[in-house]
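Listed here are the chains, written in short residue letters.
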Amino acid sequence: MKVRVLLTMAALAGICHYGAAARPAPMQTVAVCMHHDTNVPDLVAAVMTASRLFRDTGVRLRWAEPGSCPEDAIRISLTRSAPDTLFPGAMAYSSLERKQIEVFLNRIERNSRDLQPHLLGYVLAHEITHVIQGIDRHSADGVMKAHWDWLDLACIEGNRLRFTQEDVDLIFQGLDRRAGPERLAAASPHVGSAVRSGNPQPGNLQK
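Note that the structure is predicted; figures quoted are calculated from it, not measured. (Residues numbered from 1 in each chain as written. Predicted model: local features only at pLDDT ≥ 70, side-chain atom pairs only at ≥ 80, totals over all residues. Heavy atoms only, no water.)

## Some thoughts on the overall build of the protein
Moving on, step 1. The secondary structure content of the protein amounts to seven helices and seven strands.
Moving on, step 2. Moving toward the C terminus, one meets the helices and strands of the protein in the order α-β-α-β-β-β-β-α-α-β-α-α-α-β.
Moving on, step 3. Taking all 207 residues of the protein together, 51% fall into the buried category.
Moving on, step 4. In the protein, once contacts between residues fewer than 6 apart in sequence are set aside, the share between residues at least 24 apart is 77%.
Moving on, step 5. On the protein, roughly 9900 Å² of surface is accessible, and the fraction owed to carbon and sulfur atoms is 54%. (Helix = DSSP H or I, 4+ residues; strand = E, 2+ residues; numbered from the N terminus. Buried < 20%, exposed > 50% of the residue type's maximum accessible area, 1.4 Å probe, protein only. Contact = heavy atoms within 4.5 Å. Areas by Shrake-Rupley, 256 points an atom, 1.4 Å probe, with all protein chains shown as cover.)

Right, here's the structure in full:
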């Protein structure tokens, strides 16, 4: 009930949108492979949510099966076995140098059933963005915010949270680096990043 009330407030206030503009055609394509060893009932809806978020910026996500995964693809694994001691509070973690993402389903599923499919899609989009951008940073608002609060979750449940313009710009800068080996080699090295919801607890994330 609390999330639904906040969603109505957010819609009235128009605060879920951050004015990010899509890049002109042709759209750029990013290959993504996802592996999961367990049933994920919300996976199709989550993939559609993540794809829509990127499509709105001018990027097409091309989802491939693990057995036919392109060499340059971003690889995602979904698990329900993440121990509480692994990045406490985080719903996912990305290794930027290896272009790998691990999503902790057991933590996403602690949220309300109505929120879960949307939340999984936004977590996928958040971590894919980290890998594309190739930098360990978060935004003050929007999809790339480090800690989603209740108001952000309300926007997520309504599929209304968006990328900031700065993040759209950084996505395309990252794609430019990926397109040229010499430019990619010049990019700064990074360890990884994670996204969480709720109140942050110091010292839980690698920054």
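## Concerning the state of the cysteines
Moving on, step 1. In the structure shown here, the tally under the stated rule is one disulfide.
Moving on, step 2. Here C33 engages in a disulfide with C69; their sulfurs sit 2.1 Å apart. A torsion of 115° about the S-S bond marks the disulfide between C33 and C69 as right-handed. Of the two residues, C33 is situated in strand 1 (residues 28–36) and C69 in the loop between strand 2 (59–64) and strand 3 (74–79); the sequence distance between them amounts to 36 residues. Here C33 matches C69 in class, with each residue buried. (Disulfide = S-S within 2.5 Å.)

## Quick look at the packing of helix 4 (residues 116–133) against helix 6 (residues 165–179)
Moving on, step 1. Close contact between helix 4 and helix 6 brings their axes to 7 Å; oriented N to C, the two are set at 50°. By the angle between their directions, the pair helix 4 and helix 6 is classed as oblique. Here T129, V131, I132 and Q133 of helix 4 lie close against helix 6, whose contacting residues are D167, L170, I171, G174, L175, R177 and R178.
Moving on, step 2. Looking at the contact of helix 4 with helix 6 residue by residue, the class counts come to five nonpolar, three polar and three charged. (Axes fitted to C-alpha atoms, helices over the stretch in contact; angles between N-to-C directions. Parallel < 35°, antiparallel > 145°, perpendicular 65-115°, else oblique. Nonpolar A, V, L, I, M, F, W, Y, C, P; charged D, E, K, R; others polar.)

## Overview of helix 5 (residues 150–157)
Moving on, step 1. The element helix 5 is largely enclosed, with a buried count of six among its eight residues.
Moving on, step 2. What helix 5 keeps buried is the set D152, L153, A154, C155, I156 and E157.
Moving on, step 3. Near the N-terminus of helix 5, the side chain that reaches the backbone nitrogen of L151, with its oxygen 3.1 Å away, is that of D149.
Moving on, step 4. After helix 5 finishes, the residue N159 shows a positive phi value of roughly 55°. (Polar contact = N/O pair within 3.5 Å; in protein donor to acceptor, adjacent residues only side chain to side chain.)

## Some points on the confidence of the model for the protein
Moving on, step 1. On average, residues of the protein score 81 in pLDDT, and 75% of them are at 70 or above.
Moving on, step 2. The spread of mean pLDDT over the elements of the protein runs between helix 7 (residues 181–185), the lowest at 43, and helix 4, the highest at 97.
Moving on, step 3. Contacts from residues 182–193, a stretch scored under 50 in pLDDT, to residues over four places away or in other chains number 29 contacts.
Moving on, step 4. Below a pLDDT of 50 lies the segment residues 198–207, which in the model reaches 20 contacts outside its immediate sequence neighbourhood of four places, other chains included. (pLDDT = per-residue confidence, 0-100.)

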